[in-house]
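Coordinates in review
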Amino acid sequence: MSSQPYDVVIGLEIHVQLQTESKMFSSGGTEFGLPPNTQTDPVALGMPGTLPVMNRKAFELALKTAVALGARITPFTKWDRKNYYYPDLPKNYQISQYDLPFSTGGKLAIPVRKDGGGGGFCALTRVHLEEDTGKLTHGGEFSEVDLNRAGIPLLEIVGEPEIRSAADARGCLEELRLTLRYLGVSDCEMQEGSLRCDANVNIHIHKDGKTIATPIVEVKNLNSFRAVEKAVNYEAERQYAKWRRDGLTIKDAPKGTWGWDDELERTKPQREKETAADYRYFPEPDLVPVVVDDAWLERVRASIGELPAARRERYEAEHGLSPYDANVLVEQGEDVAAYFDAVVAAGGEPKLASNWIQQDVLRTIKDRRIAIADFPVAADALADLIGRVRRGELNTNQGREVLGRMIETGDPAEKVIELGGYKMVSDADAIADAVAAALAANPKAIDDLKGGKKKPEAVKGFLRGQVMKQTGGKANPALVGELLEARLAELLAE
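Residues numbered from 1 in each chain as written. Predicted model: local features only at pLDDT ≥ 70, side-chain atom pairs only at ≥ 80, totals over all residues. Heavy atoms only, no water.

**A short note on the overall build of the protein**
Helix and strand counts for the protein come out as 16 helices and 18 strands. Here the C-alpha radius of gyration of the protein, 31 Å, is well above what a compact globule of 494 residues would show, namely 23 Å. When the backbone C-alpha atoms are referred to their principal axes, the protein occupies close to 95 × 55 × 50 Å. The long-range fraction of contacts in the protein, counting pairs at least 24 apart against all pairs at least 6 apart in sequence, stands at 69%. (Helix = DSSP H or I, 4+ residues; strand = E, 2+ residues; numbered from the N terminus. Rg over C-alpha atoms; globule rule 2.2 N^0.38 Å. Contact = heavy atoms within 4.5 Å.)

**Examining the packing of aromatic side chains**
Within the structure shown, the criterion is met by 11 aromatic pairs. Taking the centre distance of 5.1 Å and the plane angle of 40° together, the rings of Tyr6 and Tyr240 count as tilted. Within this pair, whereas Tyr6 is found in strand S1 (residues 6-17), its partner Tyr240 is found in helix H3 (residues 225-246), the two being separated by 234 residues in sequence. Its relative accessible area of 4% is what places Tyr6 among the buried residues. Here Tyr240 falls in the buried class, since its relative accessible area comes to 19%. Judged by centre distance (5.2 Å) and plane angle (90°), the ring pair of Phe25 and Trp79 falls under edge-to-face. (Phe/Tyr/Trp six-rings, centres within 6.5 Å; stacked < 30°, edge-to-face > 60°. Buried < 20%, exposed > 50% of the residue type's maximum accessible area, 1.4 Å probe, protein only.)

**What about the environment of Ala337?**
Tracing the backbone shows Ala337 in helix H8 (residues 334-345). Given a relative accessible area of 0%, Ala337 falls into the buried group. For the pair formed by Ala337 and Arg311, sequence separation is 26 residues and the distance between their alpha carbons is 8.5 Å. When residues no more than four places from it in sequence are discounted, the contact partners of Ala337 are Tyr182, Arg311, Tyr315 and Leu329.

**Notes on the sheet that holds strand S4 (residues 80-83)**
Note on sheets: strands pair through backbone hydrogen bonds, and any given pair is parallel or antiparallel. In spatial order, the strands read S5-S4-S17; together these three strands make up an open sheet with antiparallel pairing. Of all the strands in the sheet, just strand S5 (93-96) and strand S17 (282-283) have a single pairing partner and so form its edges. One ladder, built from four bridges, connects S4 with S5; its direction is antiparallel. Considered in S5, the bridge of Lys82 is made with Gln94. (Pairing = 2+ DSSP bridges.)

**Section: unusual backbone geometry**
One non-glycine residue with positive phi stands out, namely Asn92, at about 70°. On the secondary structure map, Asn92 appears in the loop between S4 and S5. Taking relative accessible area as the criterion, Asn92 reaches 35% and is therefore assigned partly exposed. Residues other than glycine seldom take positive phi values, yet Cys188 does so here, at roughly 55°. Note on placement: Cys188 falls in the loop between helix H2 (166-183) and strand S12 (195-207). Residue classification places Cys188 among the buried positions, given a relative accessible area of 0%.

**Thoughts on the packing of H2 against H3**
Two elements in contact, H2 and H3, have axes separated by 8 Å at closest approach and are oriented at 155°. Regarding the angle of H2 to H3, the classification is roughly antiparallel. H3 is crossed by H2, and the crossing has right-handed handedness. Across the interface between the two elements, Ala166, Ala167, Ala169, Arg170, Leu173, Glu174 and Arg177 from H2 touch Phe225, Arg226, Val228, Glu229, Val232 and Asn233 from H3. Partitioning the contact of H2 with H3 into residue classes produces seven nonpolar, one polar and five charged. (Axes fitted to C-alpha atoms, helices over the stretch in contact; angles between N-to-C directions. Parallel < 35°, antiparallel > 145°, perpendicular 65-115°, else oblique. Left-handed = near helix turned anticlockwise from the far one by under 90°. Nonpolar A, V, L, I, M, F, W, Y, C, P; charged D, E, K, R; others polar.)

**Focus: the pairing of strand S13 (residues 210-213)**
Here S12 pairs with S13 via four bridges, running antiparallel. Residue pairing in the sheet places His206 in a bridge with Thr211 of S13. Linking S12 to S13, which pair antiparallel, is a turn of two residues; within it Asp208 sits at a positive phi near 55°.

**Some details on the packing of helix H11 (residues 396-409) against helix H12 (residues 413-420)**
The geometry of H11 relative to H12 is characterised by a closest axis approach of 9 Å and an angle of 110° between their N-to-C directions. Considered as vectors, H11 and H12 are oriented roughly perpendicular to each other. Here Val402, Arg405, Met406 and Thr409 of H11 lie close against H12, whose contacting residues are Ala413, Val416 and Ile417. Split by residue class, the contact of H11 with H12 holds five nonpolar, one polar and one charged.

**Examining the pattern of salt bridges**
Opposite charge on two side chains permits pairing when their charged atoms draw close. Per the counting criterion, the structure on display carries 36 salt bridges. Note that Arg81 is salt-bridged to Glu284, the shortest N-O span being 2.8 Å. With a gap of 203 residues between them, Arg81 in strand S4 and Glu284 in the loop between S17 and strand S18 (290-291) connect regions that are remote in the sequence. Each member of the pair, Arg81 together with Glu284, is buried. With its nearest N and O atoms 3.6 Å apart, the salt bridge here joins Glu306 to Arg311. By relative accessible area, which is 28% here, Glu306 ends up partly exposed. (Salt bridge = Lys/Arg side-chain N within 4 Å of Asp/Glu carboxyl O.)

Here's what the structure looks like:
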């Protein structure tokens, strides 16, 4: 973007369905994937004589999120009616928050990108609660409405227009999703609609020492990280081309609401953006205000564990992991990171523990399609195995074979080693005999080394493999290398 004559300005509005068993103001269910309109209830449908009752768990999950994002919690907050007619909103109004949201301020992290860009934070305007609407599906001459999600607790996170690239917008959302999952407030499955994003986009064009801002477009309901990045990039280019044609600025046109066509990969107009006056907000008469006292707030604060950014920093500072390794472990989720912590706490060397988890544990749980909680090797058992490899009782290949048997049988390393005859050979005389046998069986390799026909390291690597073959893969690799080098030096000197 730096070569382009404009800066992209992005403000994100993020909607998060909270992980509750019942809806925001009723006892209706929240399970995803049920047949259309089978998870409705009289309150969500706005039936006469029904009254809303606030879901306390939803409010606490919202508090937990706001505190984790550094927002200021408002001690006194109320509910408001946001009035508009649409087929997915049978009450003709949505219970939301307007002038007294439960929190203001806060920030979202913008991760550093691989290309060195990004970093820093995006300030938040507010985090507030409301109820979700139903879902419309348009096709042909008809539109279908599914009201199953109408009334599900919905957290809205409103960011300031401080993000300056589509890649940063994507990274910001990815980090937020990881944080929300660590908090346990939402599953954030974008394909199921539990994490959705609207992107407010315009560009600042630099010309003749002046900055010209184009009209803002809100791109609605982006439901994948890929869609967010592509939609922002497309919209920025479209706005620049449009400005070159008509010269219209932010002062000349109202904010527009556009959609994103994922198949055509382009934005398309929907309507002009409504204002607060259009929604005719007024206080919700059927719900009392909510008072958040200090004791309640402290209980919520105490329930927040170590968040992803802090965990990455700890892994690098305390355990000496590289930024890449720390990020891989953290991105797997809180359960995997906790397993790594448990392996280290049981005596596993941190860098080795990281390698074994990334290369062996994660592969196994992926292949078996299981959670880390169902991985059959406990953290202390893996730490014991890693320690045996580190002390030279097993070489790495043997260690992996032993781990495979531990996974299959559930037996500890000691029993697997005893029954399977796994033990690294560190007897110098035995390995010297294996070196001699390997060299005797491969005279051509010696000739290649003497004649310079092949690279020395390639020949030596081949011969090391032959020595390991002679010992059934049980030889101490370090001792093999040492004795092989010594014998080769003698042969080359002859």
